[in-house]
Amino acid sequence: MPLYEHVFLSRQDASAQQVEELTAQFKGVIEQLGGKVTKVEQWGVKTLSYRLRKNRKAHFTMLNIDGPAAAINEIERQERLNEEVLRYITVRVEELEEGPSAMMRKVDRDRERDERGGGGFRDRGDRGGGFRDRGDRGDRGDRGDRGDRGGRPPRDEASDESPATEA
């Protein structure tokens, strides 16, 4: 049977339990039509790139499916009818990925980074390589000390008037 990766996004105000029930419902449909779900991953609530039906965040869920195309058509039909589902995508693949998906590996990597206390720009201290304050080049507010506009002569009062008003 063909292999598929299926990801669906459900509304942000749905509880985790509601998302699990939705996943169980889709899994049941696939199994009724002769397929099987080999892996289910809850990626959690993530921020969307743009608003979808007034939602800025969504619950992401991925299913690895080994089943007929009729099963995929049916769950996609049910997702179109369900108001909790914002978007879905199904991709046919040659083989299903073993172990955690790239999204889950990213979550694990981020969690390890947080546990180590490593960080971004703020944790670099004096080791260099980070952003520095303006103290290394002097304060930009000291330009007024020159008084002569940085070496340029001041404007003449007569040159400020337009030629039309002089006549």
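Refer to the structure above for everything that follows.
Scoring rules and cut-offs
Residues numbered from 1 in each chain as written. Predicted model: local features only at pLDDT ≥ 70, side-chain atom pairs only at ≥ 80, totals over all residues. Heavy atoms only, no water. Helix = DSSP H or I, 4+ residues; strand = E, 2+ residues; numbered from the N terminus. Buried < 20%, exposed > 50% of the residue type's maximum accessible area, 1.4 Å probe, protein only. Areas by Shrake-Rupley, 256 points an atom, 1.4 Å probe, with all protein chains shown as cover. Salt bridge = Lys/Arg side-chain N within 4 Å of Asp/Glu carboxyl O. Lys, Arg positive; Asp, Glu negative; His and termini not counted. Core = buried A, V, L, I, M, F, W, Y, C linked by side-chain atoms within 4.5 Å. Pairing = 2+ DSSP bridges. Axes fitted to C-alpha atoms, helices over the stretch in contact; angles between N-to-C directions. Contact = heavy atoms within 4.5 Å.

(A) Structural detail: the overall build of the protein chain. Per the secondary structure count, the protein chain includes 5 helices and 4 strands. Along its sequence from the N terminus, the protein chain presents helices and strands in the succession β-α-β-β-α-β-α-α-α. Per-residue burial for the protein chain yields a buried fraction of 26% across its 167 residues. Counting only carbon and sulfur atoms, one obtains 46% of the accessible surface of the protein chain, whose full area is about 12300 Å².

(B) Spatial organisation of the pattern of salt bridges. Applying the stated criterion across every chain yields a total of 4 salt bridges. Across the salt bridge formed by Arg11 and Asp13, the nearest N and O atoms sit 3.0 Å from each other. The class for Asp13 is exposed, based on a relative accessible area of 52%. In this structure, Arg77 and Glu74 form a salt bridge, with 2.9 Å as the shortest nitrogen-oxygen distance. Taken as a pair, Arg77 and Glu74 lie in helix α2 (residues 69–81) at a separation of 3 residues, close to a single helical turn.

(C) Spotlight on the side chain of Glu79. Looking at the secondary structure, you find Glu79 in helix α2. One buried charged residue, Glu79, remains without a salt bridge, the closest side chain of opposite sign being Arg80 at 7.5 Å.

(D) Region of interest: the nonpolar core. Within the largest apolar cluster, 13 residues are counted, with the highest numbers of intra-cluster contacts made by Phe8, Phe26, Ile30, Ile65 and Ile75. Of all the secondary-structure elements, those providing two or more residues to this core are β1 (3–11), α1 (16–32), β3 (55–66) and α2. At 4 residues, the largest contribution of residues to this core is made by α1. If you look at the next biggest cluster of nonpolar residues, it comprises 9 residues, including Trp43, Ala58, Phe60 and Met62.

(E) Region of interest: the sheet that holds β3. If you trace the 4 strands from one edge of the open sheet to the other, you get β2-β3-β1-β4, paired in antiparallel fashion. Lying at the two open borders of the sheet, with one neighbouring strand each, are β2 (36–52) and β4 (85–93). The sheet shows a mean angle of 20° between the axes of neighbouring strands, taken without regard to direction. Here 9 bridges tie β1 to β3, and the two strands are oriented antiparallel to one another. Within the sheet, the bridge partner assigned to Glu5 lies in β3 and is Asn64. Together, β1, β2, β3 and β4 form the strand contacts of α1, whose direction differs from that of β2 by roughly 130°.

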